[in-house]
Amino acid sequence: MIGLIKMELYRLIHTVSIYVSIAVIVGIVVMTTFAVNVDLRMMEKEQKTQGAEQIQQKVTENESREDETPAESFASGFSDGFISTGEGDFDGEGFTLGISAPTDESWISGEIVAGDMLMSELNSCLLVVFIAIFVPLFVNAEQKKGYIKNIAGQIPRREMLALSKLPAVAVQVFILFSVFCITNLAASAIFFRGRLIFENSGALAGALGMQYVLHVAWGCLIALFTMATRSTAFAMTTGILLASGIFQLVAGYLNRAVHALIPSADSFDILQIALTNATANMTTESTLRQTAGFLVLAVVYVLIAAVISGIIYRKRDVR
């Protein structure tokens, strides 16, 4: 088993896709950080414009009210206080399809906490998409080379071929995760020089550790899709769709169906078992109970990926 893991790690280091993935992540993260900087500048200009417009509007209203009769003034106040247009009262369920990182309005003119900036990018599931793209390229590369068929005849248990890939996937995710975080912090220090601050390093370290574990579990799930279907395209497409929020739409219909069939299960929410949902909600402010729940969820996914992929390799022919 150790020999197989070493072989997978050797293959990982000498695979072109790992270096391509590093270059792509560096480029995209720099672009997204620059986009946040531009967004903050636009928001600052918009605030100044809105402030000037509000001042002018108040002056105009005061001038117009000076010309109102007492009856007109009473009617205007009654309408403003008691008549509602109904805007903002809609409380429907919806979902967001795509990858986006929210920009905190406090970053416009104040200090920017490096941990908040980094966690915002991780919560956007941008790295989750990269993992969904590059893990299948690594896992399925041996199928194209064909040498795995010769190795399968030299080991006592075929499931070891599948299990040996998961530690290599964890190393691959560690490389991508580290590059993502370092690039984000470096780009933030450049674009927000003088305003970027580091604080609460203990909470940030714990949140990053939990985020890494969740990303490893996601990588193992994508590896399972790849090994089960022997299709790089299927694993990529499924992973990207799940990371882009399509599961939220499916989960909404499933939750409604369960609530309709079982009225007592009104607290049931299938999103609670979604890795992408856990990744989007793990922050430096997460409680110990929430973090423990995310850890259990990640471990369960890793075990499921290990067991199912092992069974698949043991039952079917290796080609």
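The sections below set out a description of the structure shown in this document. Owing to the predicted nature of the structure, the values given are computational and were not obtained by experimental measurement. (Residues numbered from 1 in each chain as written. Predicted model: local features only at pLDDT ≥ 70, side-chain atom pairs only at ≥ 80, totals over all residues. Heavy atoms only, no water.)

## Re the environment of Val179
What counts here: Helix numbering and strand numbering both begin at the N terminus, where a helix is a DSSP run of H or I of at least 4 residues and a strand a DSSP run of E of at least 2. Contacts are assigned to residue pairs with any non-hydrogen atoms lying within 4.5 Å of each other.
Position of Val179 relative to the elements: it lies in helix H9 (residues 165-191). Counting along the chain gives 158 residues from Val179 to Ser21, while the straight-line C-alpha distance between them is 9.7 Å. Each residue touching Val179, except ones within four places of it in the same chain, is listed here: Ile22, Ile25 and Val26.

## Here we look at the nonpolar core
What counts is decided by this rule: Put simply, a nonpolar core is a bunch of buried Ala, Val, Leu, Ile, Met, Phe, Trp, Tyr and Cys residues held in one set by side-chain atoms that sit within 4.5 Å of each other. Partly exposed describes any residue whose relative accessible area lies between the buried limit of under 20% and the exposed limit of over 50%, with all areas from a 1.4 Å probe on protein chains only and scaled to the type maximum.
Formed by 60 residues in total, the largest nonpolar core has its most connected members in Ile25, Leu122, Leu127, Leu208, Leu214, Trp218 and Leu275. In this view, Ile25 contacts Leu127, Phe130, Leu176, Val179 and Phe180; residues no more than four positions away in its chain are not counted. With eight residues, the next largest nonpolar core counts Val36, Leu40, Ile112 and Met117 among its residues.

## What to know about the side chain of Thr226
Its location among the elements puts Thr226 in helix H10 (residues 201-229). Contacts of Thr226, omitting those with residues within four sequence positions, involve Pro136, Val139, Asn140, Ser231 and Ala235.

## Digging into the packing of aromatic side chains
The geometry of an aromatic ring pair is captured by the separation of the ring centres together with the interplanar angle, meaning the angle of the planes. The criterion, for reference: Aromatic pairing here means that ring centres of Phe, Tyr or Trp (its six-membered ring) are within 6.5 Å. Orientation follows from the plane angle: under 30 degrees is stacked, over 60 is edge-to-face, and everything else is tilted. Over a ring means this: the NZ of a Lys or the CZ of an Arg is within 6 Å of the ring centre and within 35 degrees of the ring normal.
Within this structure, the stated rule accounts for three aromatic pairs. When the centroid spacing of 5.9 Å and the interplanar angle of 65° are considered together, the rings of Phe177 and Tyr212 count as edge-to-face. Of this pair, Phe177 sits in helix H9 while Tyr212 sits in helix H10, and the two are 35 residues apart along the sequence. Phe177 gets classed as buried once you look at its relative accessible area, which sits at 7%. Judged by its relative accessible area of 22%, Tyr212 is partly exposed. Put simply, the rings of Phe174, Phe177 and Tyr212 pair up and form one aromatic cluster. The cationic tip of Arg11 hangs over the ring face of Phe138; the distance from NZ or CZ to the ring centre is 4.3 Å.

## So, a nonpolar patch on the surface
We count it as follows: Residues qualify for a patch when their relative accessible area is over 30% and they have no salt bridge, like charges being joined within 9 Å and the nonpolar side chains of Val, Leu, Ile, Met, Phe, Trp and Tyr within 5 Å. All accessible-area figures derive from a Shrake-Rupley calculation using a 1.4 Å probe, and residue coverage is judged against the displayed protein chains alone. Salt-bridge detection follows one rule: a side-chain nitrogen of Lys or Arg within 4 Å of a carboxyl oxygen of Asp or Glu.
On the surface, a cluster of nonpolar side chains totalling about 470 Å² of accessible area is made up of Val296, Val300, Ile304, Val307, Ile308 and Ile311. Considering the arrangement of structural elements, one finds Ile308 in helix H14 (residues 288-315).

## What to know about the packing of helix H4 (residues 114-123) against H9
When two helices pack together, their arrangement is given by the angle between their axes and by how far apart the axes lie. Heads up, the rule is: The axes used here are C-alpha line fits, helices contributing only the stretch in contact, and every angle between their N-to-C directions lies in the interval 0 to 180 degrees. Convention used here: angles under 35 degrees read as roughly parallel, angles over 145 as roughly antiparallel, angles from 65 to 115 as roughly perpendicular, and any remaining angle as oblique. Should the near helix be turned anticlockwise from the far one by less than a right angle, the crossing is termed left-handed; should it be turned clockwise, right-handed. Think of it as three bins: nonpolar holds Ala, Val, Leu, Ile, Met, Phe, Trp, Tyr, Cys and Pro, charged holds Asp, Glu, Lys and Arg, and polar takes everything else, Gly as well.
The interhelical angle for the contact between H4 and H9, taken along N-to-C directions, is 135°, at an axis separation of 10 Å. Here H4 lies oblique to H9, going by the angle between them. The two elements H4 and H9 cross, and the hand of that crossing is right-handed. Contact residues: H4 offers Ala114, Met117, Leu118, Glu121 and Leu122, while H9 offers Phe177, Phe180, Cys181, Asn184, Leu185 and Ser188. Residues of the contact of H4 with H9, tallied by class, amount to eight nonpolar, two polar and one charged.

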